[in-house]
Amino acid sequence: MEDLTPGQIVAELDKYIVGQKDAKRAVAIALRNRYRRRMLADDLRDEVIPKNILMIGPTGVGKTEIARRLANLARAPFVKVEATKFTEVGYVGRDVDSMVRDLAQVAVRLVEKEKIEAVKEEAEERALERITEMLHPPRRSRREREQTHDNAEMLRQTFGSLFGGVQPAAQTEPPEEKPEEDEDDARHRERDERIRAKLRDQIRAGAHDDKKVEIEVEQAGNPGFLQIFSPQGMEEMNVGDVQSALGGMMNRSRRQRTVTVKEAREILTQEEARNMIDHDAVVREAVERTEQSGIIFVDEVDKIAGREGGHGPDVSREGVQRDILPIIEGSTVTTKYGSVRTNHVLFIAAGAFHVSKPSDLIPELQGRLPIRVELENLTEADFKRILTEPKNALVRQYTALLATEGVQIEFTEDAIEEISKIAAQVNHQTENIGARRLHTVLERLLEEISFNAPDQLQDQVTIDAEYVRGRLESIVKNEDLSRYIL
């Protein structure tokens, strides 16, 4: 992030999101300000608070995508929450503190993944060594064999004498040392090392990938959730989290699995990597990153806009705002990883504001969302760019998907224009759902080709404007039908 200027951040966002220049500039400045803040002196750094953003625009124009791509760019913990699932404690929904606990959980996974990636090469070597030992166990030396024999004899004599069975054997003089056996052990050891080295190279090259081995793995257990009462209210906790919290008091069971060598390498590499990293250090860094770099995207904030004085669901709207307010203002939330302060977490709120308006939010919440950007409705020209320009362009996605079945699809220029025109027309006639309409239109357009792709006799399919009109024109003209199908 330190190497990216606001202009470069916008350029990176342009690779995936069409238009919305004002929103991109706002989030780019907010992200750059985090870097600038870290450069300040300690006495001033804590005084600089993030300038939270309120995005205003209809669904499907890129609000969530901008925030998500921004978090990926900064390698920052990111969670998306719906404002409508929070409400006053004891009424319905979840406690607002859970968004911070979710953010801390994401941060832990993010840091753990980075740490595992850093030790992956060494972990792969350790896993390779373990598999080599499975396929060719090391030969025990003479002293180890004698020690095992002596231990077994001692147990046999002890328990035999206790139960009146085997009598203790008479003491015999220890056998004389035989140097020739030590030399024999050395020769066998050298031979084993040569075999193991060759076998290790073969495993690394994938020569034994299909061979079966038996490994011991940690039992995953029940992946379900428990509902628990916490000081903050009712919360869900993963069963794995309970085991992690109890630590050594709750031993995790292990079981034997028969897998291929290829699968064993992946499983054992992950296991070795997790054993190599310092989990306490992971938690400390995750909490630090949550506090300094975390991004919380609060969607559908317009659904909780409204002042008290109504009846039914309206009554709780101001309560939801007042519950969210302390988190955005800056408070300390208790998580299973320790206390997390939200003073410097960046909040990006978003809503369509069709019925309500930003001024319907309580003044305190409005003051905590000082930067407001309005996202524009997508036009037919925007749809055309969305289909072809981004790195994850829809035309590119569908072409790649069907290519896996051996069907090569080619979209002509007039077909792209016709698809864009139909999507814009349906958005205008029915509900405006933005770029998501393109998914609906393309799925309907390619339905027959996708269904018949495995049995397709024609390897090359060209989709032009005539084909698009033939598949979609009748649906678009019938407004009632288009409401249901497109």
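This report concerns the structure included in the present document. (Residues numbered from 1 in each chain as written. Predicted model: local features only at pLDDT ≥ 70, side-chain atom pairs only at ≥ 80, totals over all residues. Heavy atoms only, no water.)

Topic: the sheet that holds strand 10 (residues 346-351)
Sheet architecture is open: 5 strands sit in the order 2-7-10-1-11, paired in parallel fashion. In this open sheet, the two edge strands, each paired with only one partner strand, are strand 2 (78-82) and strand 11 (371-374). On average, each strand axis in the sheet is tilted by 20 degrees relative to the strand beside it, whichever way the strands run. Of the strand pairs in this sheet, strand 2 and strand 7 (residues 295-299) are connected by 5 bridges, and their pairing is parallel. Within strand 7, the position partnered with E82 by the bridge is D299. (Pairing = 2+ DSSP bridges. Helix = DSSP H or I, 4+ residues; strand = E, 2+ residues; numbered from the N terminus. Axes fitted to C-alpha atoms, helices over the stretch in contact; angles between N-to-C directions.)

Details of the pattern of salt bridges
A full pass over the atoms with the stated rule returns 29 salt bridges. In this structure, the salt-bridge partner of R289 is E114, at a minimum N-O distance of 3.0 Å. Here the residue R289 occupies a position in helix 11 (residues 279-293), and E114 occupies one in helix 5 (residues 98-118), the gap between them amounting to 175 residues. A salt bridge links R130 to E271, with the nearest nitrogen and oxygen atoms 3.4 Å apart. (Salt bridge = Lys/Arg side-chain N within 4 Å of Asp/Glu carboxyl O.)

Some details on unusual backbone geometry
For R75, which is not glycine, the phi torsion reads 50 degrees and is therefore positive. A positive phi angle, near 55 degrees, is found at E300, a position not held by glycine. In this structure, E300 sits in the loop between strand 7 and helix 12 (317-329).

A word on the nonpolar core
Counting residues in each nonpolar core, the largest one holds 59 residues, and the members touching the most others are M55, I348, I409, F411, I419, L445 and I463. In contact with L445, not counting residues within four places along its chain, are F411, I419, I463, Y467, V468, R471 and L472. (Core = buried A, V, L, I, M, F, W, Y, C linked by side-chain atoms within 4.5 Å. Buried < 20%, exposed > 50% of the residue type's maximum accessible area, 1.4 Å probe, protein only. Contact = heavy atoms within 4.5 Å.)

Focus: the pairing of strand 3 (residues 212-218)
Moving residue by residue along a regular strand, the side chains alternate between the two faces of the sheet. Going residue by residue along strand 3, you find V213, I215 and V217 tucked away on one face and K212, E214, E216 and E218 left uncovered on the opposite face. Bridge count for strand 3 against strand 6 (residues 254-260) is 7 bridges, and the pairing is antiparallel. Each bridged residue has a counterpart across the sheet, and for E214 the counterpart in strand 6 is T258.

What to know about the packing of helix 5 against helix 11
Each pair of packed helices can be described by the angle between their axes along with the distance between the axes. Packing of helix 5 against helix 11 brings their axes to within 8 Å, and their N-to-C directions diverge by 125 degrees. The orientation of helix 5 with respect to helix 11, classified from their angle, is oblique. In terms of crossing hand, the pair formed by helix 5 and helix 11 is right-handed. Contacts from L103, A104, A107, V108, L110, V111, E112, E114 and K115 of helix 5 reach helix 11 at H279, V282, E285, A286, R289 and T290. (Parallel < 35°, antiparallel > 145°, perpendicular 65-115°, else oblique. Left-handed = near helix turned anticlockwise from the far one by under 90°.)

Some points on helix 16 (residues 413-429)
In a regular helix each residue adds 1.5 Å, so 17 residues correspond to 24 Å; helix 16 covers 25 Å between its end C-alpha atoms and thus fits that length. Listing the buried residues of helix 16 in full gives A415, I416, E418, I419, S420, I422, A423, V426 and N427. The inward-facing, buried residues of helix 16 abut helix 14 (380-388), helix 15 (394-403), strand 12 (408-411), helix 17 (436-445), strand 13 (460-463) and helix 19 (465-477). (Expected span 1.5 Å × (residues − 1).)

Honestly, that's just the spatial picture; any functional story needs more than this.
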